[in-house]
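Listed below, chain by chain, are the residues.
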Amino acid sequence: MKNLNNDMLVEAYVKAKELRLNEDFIMLLQKELEQRDLQHKVDSHFATPTI
């Protein structure tokens, strides 16, 4: 996990969610996102676009 830069971590998490990968793996990514205080980047990625 430590080898991933912040952008790569966010991208890995988003892709893992899209592909519905193993929940344990997703939780590991999410825990690392929280430790790095990057949850806001994920939240903005999944935000519903306004028309």
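Each chain has its residues counted from 1, following the order in which its sequence is written. Only residues with pLDDT of at least 70 are given local features in this predicted model, and only at 80 or more are side-chain atom pairs given and counted; all residues enter the totals for whole chains, interfaces and linings. In computing side-chain values, all of the structure's heavy atoms are included and hydrogens and water are not.

### Describing the pattern of salt bridges
Two side chains that carry opposite charge are able to pair once their charged atoms sit near each other. The condition that has to hold: The salt bridge definition used is simple: a Lys or Arg side-chain nitrogen within 4 Å of an Asp or Glu carboxyl oxygen. For helices the rule is a DSSP run of H or I covering at least 4 residues; for strands it is a run of E covering at least 2, with both sets numbered from the N terminus onward. Working definition: with a 1.4 Å probe on protein chains only, accessible area under 20% of the residue-type maximum means buried, over 50% means exposed, and in between means partly exposed.
Taken as a whole and assessed by the stated rule, the structure comprises four salt bridges. In this structure, the salt-bridge partner of Lys2 is Glu32, at a minimum N-O distance of 3.4 Å. Taken together, the residues Lys2 in the segment before α1 (6-18) and Glu32 in helix α2 (residues 23-35) connect sequence positions 30 residues apart. Taking the shortest distance from any N to any O, the salt bridge between Lys41 and Asp7 comes out at 3.5 Å. Within this pair, whereas Lys41 is found in helix α3 (residues 39-45), its partner Asp7 is found in helix α1, the two being separated by 34 residues in sequence. By relative accessible area, which is 54% here, Asp7 ends up exposed.

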